[in-house]
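Below are the chains, spelled out letter by letter.
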Amino acid sequence: MEQIQFLALGGAREIGANAYFYKMGGYGLLVDAGLHPEKIGWDAFPKAQLLDPYSVNSFIITHAHTDHLGGVPFLLQSQPQARVIATPETTEIARIMLSNSSSLLPRQHPQEVIDKLTFYSLEKIDEILRNIEPRKINNSFILNDAAPQDQQIKVTFYKSGHILGAVGLLIEHNGKRLFHTGDTSLHTQYLIGGADLPDKQVDVVVSESTNGKVDAYLSHSREKELVRLEATLTRILEGGGSVLIPVFALGKMQEALAMLWDGMRAKRIPTVDIYTGGMGRRIADIYDKFAYSDSRLNHQEVLKDIPQFEVPRREELFSGKYFKTPSIVLASSGMMQTGTSSYFLAQRWLRQKNFAICFIGYTDPRTPGYVVSHAEKGQRIKFGSMKREVPVRCEIERFRFSAHARREELLEIINRLRPKHVVLTHGDIDAMNAFGELIMESFPGTKVSAPENGKWYNLLTEN
Ligand SMILES: [Zn+2]
């Protein structure tokens, strides 16, 4: 039996520098190359040195989040021959995300690392993006046209929910089928629809497992979370306070903006000034441009038309001229990483009795966002690079509007595709263990593995 071999260069038993390499009959397909948001130095990059030179024939980017895209220029340094393939939506968002990485990297990593990054100049990024081969959602294509028919590798892009332009991949080779979920969500969000799945049985599923563990917040439905969020917003805004919502510039910001505006139009929440950040707004323009993308719902919603003010620059954040009247501020980053707008705004917000900070997504325990989101009124806290403690006087509430499949949805993917082998990636070890056990209980006889970074695996089982 001809094998499909698999090697994770990052993103196995963690969520970080996600990069997955498949080898089929001598053909190399790399899926994604991310950067780890928390790690410093080479640990933040995919392990490109594990690949032989010139071994990547094709390189597919599933979506434009930094933990899937940020390492693409780095990987291409050692695999310059690879043809890069992505949806048009992902390619456009990538321009904003990669230029942002290019300016952030020198501040995040030691000089000896930066000196070796030769593909992160704006000119080089532009060249990489110009060479991307666009393939739309629902398209099928052959990676190796020149190969004899029985050796051809066919890839089909399925929309994966999650964010604009995101895809999962069906890979067909030698009579075998493998589905790589990418970051996925079966449930619909406000702007982005749920994932589509192949309608046939597959041999292997390589699945993300972000929400593989039972999470109390994820037992609430989106609708219930929205009711709860709108009640908090109304109470704070009517009391004369302002609300800070930390968001990721890609995905969460656009979803939150559309959701808030919908609440204001329907008079479920008071109409107040909305502040948004520049990068999130530039990405929102791409959401508008692709209003009829297969990813999108609510095609008529034009984000640009929603009245917004720009989040003030860092030096003005503490000035008394902003947020005198009730406002809602959508500021990145979602996890309040040191140096970002939400990080500085939190320091002002925490001191204000009638203000609130509402978290609407996941926060990694190592980030300031986690510290703030778990703080209690009356405490004094310190986070990030702060020297002095701040008193917690404002309200802090947590909501979950996940862009990832819940645990039940992950199981539903397995139920629909009935693979013989499930390979778990993109989750912490607890989430993978919990989800792995659930699969084995629900589908006895299914092989489940959680590969390690840097180890080769054969994915096809004997029977
Ligand atoms: Zn993602």
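Rules used throughout
- Residues numbered from 1 in each chain as written.
- Predicted model: local features only at pLDDT ≥ 70, side-chain atom pairs only at ≥ 80, totals over all residues.
- Helix = DSSP H or I, 4+ residues; strand = E, 2+ residues; numbered from the N terminus.
- Buried ≥ 20, exposed ≤ 12 C-beta atoms within 10 Å, placed from the backbone.
- Contact = placed C-beta atoms within 7 Å.
- Core = buried A, V, L, I, M, F, W, Y, C linked by C-beta atoms within 7 Å.
- Domains from an automatic or database assignment.
- Pairing = 2+ DSSP bridges.
- Axes fitted to C-alpha atoms, helices over the stretch in contact; angles between N-to-C directions.
- Parallel < 35°, antiparallel > 145°, perpendicular 65-115°, else oblique.
- Left-handed = near helix turned anticlockwise from the far one by under 90°.
- Nonpolar A, V, L, I, M, F, W, Y, C, P; charged D, E, K, R; others polar.

## Topic: the overall build of the protein chain
Move 1: Across its full length, the protein chain holds twelve helices and 22 strands.
Move 2: Counting the 463 residues in the protein chain, one finds 46% classified as buried.
Move 3: Taking the contacts inside the protein chain whose residues are at least 6 apart along the sequence as the reference set, 74% of them involve residues at least 24 apart.

## With respect to the nonpolar core
Move 1: L30, I245, L330 and I357 are the most contacted members of the largest nonpolar core, which has 127 residues in total.
Move 2: In terms of residue count, helix α7 (residues 252-265) provides more of this core than any other element does, six residues in total.
Move 3: Each of domain 1 (4-214 + 403-458) and domain 2 (221-398) contributes no fewer than three residues to this core.
Move 4: In contact with I245, not counting residues within four places along its chain, are A256, I328, V329, L330, C358 and I360.

## So, the sheet that holds strand β11 (residues 204-208)
Move 1: Here seven strands make up an open sheet; going across it, the order is β7-β8-β9-β10-β11-β20-β21 and the pairing mixed. Unpaired on one side and paired on the other, β7 (140-142) and β21 (447-449) mark the two borders of the sheet. Neighbour-to-neighbour, the strand axes of the sheet open up by a mean angle of 20°, direction not taken into account.
Move 2: Where strand β8 (residues 153-159) and strand β9 (residues 167-173) come together, seven bridges link them in antiparallel fashion. Within the sheet, the bridge partner assigned to T156 lies in β9 and is L170.
Move 3: Lying on the sheet, helix α11 (residues 407-417) is in contact with β10 (176-180), β11 and β20 (421-425); it crosses β11 at an angle near 170°.

## Some details on the sheet that holds strand β2 (residues 19-24)
Strand pairing in a sheet relies on backbone hydrogen bonds, with the paired strands running either antiparallel or parallel.
Move 1: Strand order in this open sheet of seven strands is β6-β5-β4-β3-β2-β1-β22, and the pairing throughout is mixed. If you trace the sheet from one side to the other, it starts and ends with β6 (133-134) and β22 (456-458), each paired once.
Move 2: The pairing of strand β5 (residues 83-86) with β6 spans two bridges and is parallel. Within β6, the residue paired with I85 across the bridge is E133.

## Notes on the packing of helix α3 (residues 88-108) against helix α8 (residues 278-289)
Move 1: Running from N to C, α3 and α8 point in directions that differ by 165°, and their axes come no closer than 10 Å. Classified by the angle their axes make, α3 and α8 are roughly antiparallel. Crossing geometry of α3 relative to α8 is assigned as right-handed. Taking contact as the criterion, the partners of E89, E92, I93, I96 and N100 in α3 are, on α8, M279, R282, I283 and I286.

## So, unusual backbone geometry
Phi is mostly negative for residues that are not glycine, and the peptide bonds are mostly trans.
Move 1: Here the residue pair S332 and S333 is connected by a cis peptide bond, since its omega of 10° sits within 30 degrees of zero.
Move 2: Mapped onto the secondary structure, S333 falls in the loop between β15 (327-331) and α9 (341-349).
Move 3: At K267, a position not held by glycine, the phi torsion is positive, near 60°.
Move 4: Assignment of secondary structure puts K267 in the loop between α7 and β13 (273-276).

## Side note on the domain arrangement of the protein chain
Move 1: Along its sequence, the protein chain is carved into domain 1 (4-214 + 403-458) and domain 2 (221-398).
Move 2: Between the C-alpha centres of domain 1 and domain 2 there is a distance of 29 Å.
Move 3: At six residues, α3 tops the list of elements feeding residues into the side of domain 1 that touches domain 2.
Move 4: Here the side of domain 1 that touches domain 2 is composed, by residue class, of twelve nonpolar, eight polar and four charged.

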